[in-house]
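Listed below are the residues making up each chain.
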Amino acid sequence: VGSVSARLEAYHRPGVPPDGGGIRREVPPGLTPAVISRDDVLSACEEVAASSRPGRIREHMERTGMLDDGWECWPVPDGVGGDGGEDRSGNGLRRRLLDGLPGDFIVSSSDPLTDELITACALRFLPDEALEDLAGGGDGEGGPDRPPPPLLLGRDVLS
């Protein structure tokens, strides 16, 4: 189901899973999921990246010994790039992966962290090397003129 209105309609149809598979949780009457644009999500991620929060997280990790215990803390990558802009890797891979995600995300009480939403946020903060590995190695299989393979990161990326 492609359009937001069609996905919302499918969401409220009793007994039909919103993603076409799995077990359907009951939707409380009158509860409408939120629709958040990909651009709004990316804007929020930019605000976090530009804030003091990444530095405070690193300080906490150092203070509590997490870095000594094998945890990693990498610098926040440069921005995603504007319309077709280059990211730090120079090939626009981050932008091309983001362009493969839907333009709007549906956030519901029964599924507040969808794979698409997690992916959009994680793409802003993953180091270029990790991003290239996740996208199939090198420059995303085919360089800047070919789309990279679809990439969806699940909840396991949060742990």
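Along each chain, residues carry numbers from 1 onward, in the same order as the chain's sequence is written. This being a predicted model, a pLDDT of at least 70 is required before a residue's local features are given, and a value of 80 or more before pairs of side-chain atoms are given or counted; all residues contribute to the totals for chains, interfaces and linings. Each side-chain value is derived from all of the structure's non-hydrogen atoms; neither hydrogens nor water enter the calculation.

Undergrad: Whenever I open this one, the packing of aromatic side chains confuses me. Can you help?
TA: Two aromatic rings are characterised by how far apart their centres lie and by the angle between their planes. Two rings from Phe, Tyr or Trp (for Trp, the six-membered ring) form a pair when their centres are within 6.5 Å of each other. A pair whose planes differ by under 30 degrees is stacked, one over 60 is edge-to-face, and the rest are tilted. Evaluation of the coordinates by the stated rule reveals zero aromatic pairs. We count a charge as sitting over a ring when the NZ of a lysine or the CZ of an arginine lies within 6 Å of the ring centre and within 35 degrees of the ring normal. Directly above the aromatic system of Phe125 lies the positively charged group of Arg124, at a separation of 5.8 Å from the ring centroid.

Undergrad: Can you walk me through the nonpolar core in this structure?
TA: One broad trend across soluble globular proteins is that nonpolar side chains are buried collectively. In plain words, nonpolar cores are sets of buried Ala, Val, Leu, Ile, Met, Phe, Trp, Tyr and Cys residues tied together by side-chain atoms within 4.5 Å. Throughout, exposure labels follow a simple rule: accessible area from a 1.4 Å probe, protein chains only, divided by the maximum for the residue type, with under 20% read as buried, over 50% as exposed, and the rest as partly exposed. The biggest cluster of nonpolar side chains holds 18 residues, and the ones touching the most others in it are Val41, Leu97, Leu98, Ala120, Leu123 and Leu131. At the level of elements, α2 (38-50), α4 (93-99), β2 (104-107) and α5 (115-125) are the ones that each hand at least two residues to this core. Setting aside its immediate chain neighbours within four residues, Leu123 contacts Arg94, Leu97, Leu98, Leu101, Leu131 and Leu151. Helix and strand labels come from DSSP, where a helix needs a run of H or I of at least four residues and a strand needs a run of E of at least two; each type is numbered from the N terminus. We call two residues contacting when some pair of their heavy atoms lies within 4.5 Å.

Undergrad: Please explain the environment of Asp128 as it appears in this structure.
TA: With respect to the secondary-structure elements, Asp128 resides in helix α6 (residues 128-134). Residue Asp128 is classed as buried on the basis of its relative accessible area of 7%.

Undergrad: Can you walk me through α5 in this structure?
TA: The α-helix advances 3.6 residues per turn, and as a result positions three or four apart in sequence lie on the same side. Considered for burial, the residues of α5 that qualify are Leu117, Ile118, Thr119, Ala120, Ala122, Leu123 and Arg124. Summarising the contacts, the buried residues of α5 are in contact with α2, α4, β2 and α6.

Undergrad: It is not clear to me how helix α3 (residues 53-64) should be interpreted in this structure. Could you clarify?
TA: The span expected for a helix works out to 1.5 Å for each residue beyond the first. End to end, α3 covers 16 Å across twelve residues, agreeing with the expected 16 Å (1.5 Å per residue, within 8%). Just beyond α3, the residue with positive phi is Gly65, at close to 80 degrees.

Undergrad: Sorry if this is basic, but what is going on with the environment of Arg38 here?
TA: Counting through the fold element by element, Arg38 comes out in helix α2. Here a polar contact is recorded for every N or O atom pair within 3.5 Å, except that within protein the pair must consist of a potential hydrogen donor and a potential acceptor, and residues adjacent in sequence are included only if both atoms are side-chain atoms. Polar side-chain contacts of Arg38 include one of 2.7 Å to the backbone oxygen of Leu101.

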